[in-house]
Amino acid sequence: MSVQPVAETTINPPLLTPVRSGFPWPLDVCPADLFDGWVVHEAALRNGLNTLLFPGQALMAYSGKDPAGGIAFAHGVSNATWLSSATVVQDKRIRRDVLEASGIPVPLGRAFSLKRGRTYARQFAESIGYPVVVKPMIGESTVEVMTNLRNEAELDQAIDYLGQVPPSRPSFTTASYAFTQILTPKTSSSTRTRGTYRYLVEEHVTGQYLRLLIADGQLLSAVHAPKGPWRLEAGVRDVTENIHPDIKYFAERVWNASPGLSVLAADLVVEDYTASIKDGREPT
């Protein structure tokens, strides 16, 4: 199939939006990927605790002089969460397999390597039909997600973007508890990503995009993000009180499929979050 490049089209994930901290300059803005650590540290200090801050947003908070009896925080991972679980779920291929094994529907998708995978990625995208989504196989869920890729030319642009060495990409972040360090270049002068780096090509699922927050098996909130969490400026609103009970039950199924996580954010697409999912397709 011959595909003509789309004029003036650039595939590039949006920059992570800085978050307002509520403090005066120069502490008025915090990078989005550091904000959870910022909030926890500020809360510890405000409540009179002493703190030790380590590289990678690892924080200890304690009373008195002995940190041994304190609590620990690592970039959004609570003490009750298994560190192994928090690490493993960042591998989206494994996460897909875990969910599918529990009967949770996931978008059609497959992982490919940068070194030899482009031809196969093109073939797969053609087989499931455009538009498609491209995202890194390993990493935080909403970082560097490229959606609504409409043809082979745009797919190639997305792959080329991931071919840049990760630290040089404008939207790349790495969590302190993840194994994303294996993605760093072989040498300090490298400009290309390692050939073993893998990415996912998935079907672009349409519908109402929800982000669920679940803790200890209970759904705490549901947020409707019309264009996904990577486009937060577009009418995002809390719909917790409006969602159908079926979605709450579905959230419990997702929770039960993910052992070892005390807090879980789950993204899903539904036809209508106020209607029973038994009358239509299941969330994806």
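All figures in this text were calculated on a predicted structure; none of them were measured in a lab.

What counts and how
All chains use their own residue numbering, which begins from 1 and follows the written sequence. For a predicted model such as this one, the threshold for reporting local features is a pLDDT of at least 70, and the threshold for listing and counting side-chain atom pairs is 80 or more; totals across whole chains, interfaces and linings nevertheless cover every residue. With hydrogens and water excluded, all non-hydrogen atoms of the structure serve as input to the side-chain values. Secondary structure is summarised from DSSP: a helix means a run of H or I of at least four residues, a strand means a run of E of at least two, and numbering begins at the N terminus for each. Any helix carries an expected span of 1.5 Å times its number of residues minus one. Three labels apply to residues, based on accessible area from a 1.4 Å probe with only protein chains included: buried if under 20% of the type maximum, exposed if over 50%, partly exposed otherwise in between. Contacts between residues were defined by any pair of non-hydrogen atoms, one from each residue, lying within 4.5 Å. pLDDT is a residue-level measure of predictor confidence that goes from 0 to 100. Residues with no salt bridge and a relative accessible area higher than 30% make up the patches, which join like charges within 9 Å and nonpolar side chains (Val, Leu, Ile, Met, Phe, Trp, Tyr) within 5 Å. All accessibility values rest on the Shrake-Rupley procedure with a 1.4 Å probe; residue burial counts only the protein chains present in the view. By definition here, a salt bridge exists when the distance from a side-chain nitrogen of Lys or Arg to a carboxyl oxygen of Asp or Glu is within 4 Å. Lines fitted to the C-alpha atoms define the axes, with helices restricted to the stretch that makes contact. Angles between their N-to-C directions range from 0 to 180 degrees. The labels follow the angle: roughly parallel below 35 degrees, roughly antiparallel above 145, roughly perpendicular from 65 to 115, and oblique for the rest. The hand of a helix crossing depends on one turn: near helix anticlockwise from the far one by less than a right angle means left-handed, and clockwise means right-handed. Residues are grouped as follows: nonpolar covers Ala, Val, Leu, Ile, Met, Phe, Trp, Tyr, Cys and Pro; charged covers Asp, Glu, Lys and Arg; every other residue, Gly included, is treated as polar.

Novice: Can you help me understand helix H6 (residues 245-256) in this one?
Specialist: Note that an α-helix has 3.6 residues per turn; residues three or four places apart therefore point the same way. Look at H6: 17 Å from first C-alpha to last across 12 residues, which is about the 16 Å you get at 1.5 Å a residue. The complete set of buried residues in H6 reads Asp 246, Ile 247, Phe 250, Ala 251, Val 254 and Trp 255. Of the surrounding elements, those touching the buried residues of H6 are helix H3 (92-101), strand E10 (208-215), strand E11 (218-224) and strand E13 (263-270).

Novice: Is there a simple way to explain the confidence of the model for the chain in this structure?
Specialist: As a general rule, the predicted coordinates of low-pLDDT regions are not to be interpreted in detail. The predicted model of the chain averages 83 in pLDDT, with 86% of residues at 70 or higher. Looking at the elements of the chain, mean pLDDT is at its lowest for strand E5 (residues 71-74), recorded as 76, and at its highest for helix H4 (residues 118-128), recorded as 98. Here residues 1-8 is a poorly scored stretch, pLDDT under 50, and it has 10 contacts once near neighbours within four places are set aside; other chains count.

Novice: Quick question: what am I supposed to make of a nonpolar patch on the surface here?
Specialist: A contiguous nonpolar surface patch, about 200 Å² in accessible area, is contributed by Val 88, Ile 94 and Val 98. Considering the arrangement of structural elements, one finds Val 88 in helix H2 (residues 83-88).

Novice: In this structure, what is going on with the packing of H4 against helix H5 (residues 152-162)? I would like to understand it.
Specialist: Describing two packed helices takes the angle between their axes plus the distance from one axis to the other. With their axes 11 Å apart at the nearest point, H4 and H5 run at an angle of 140° to one another. The pairing of H4 with H5 is recorded here as oblique in orientation. With respect to the hand of their crossing, H4 and H5 are arranged in right-handed fashion. Residues Arg 118, Ala 121, Arg 122 and Ala 125 of H4 form the contact with H5, whose own contacting residues are Glu 152, Leu 155, Asp 156, Ile 159 and Asp 160. Here the residues of the contact of H4 with H5 sort into 4 nonpolar, no polar and 5 charged.

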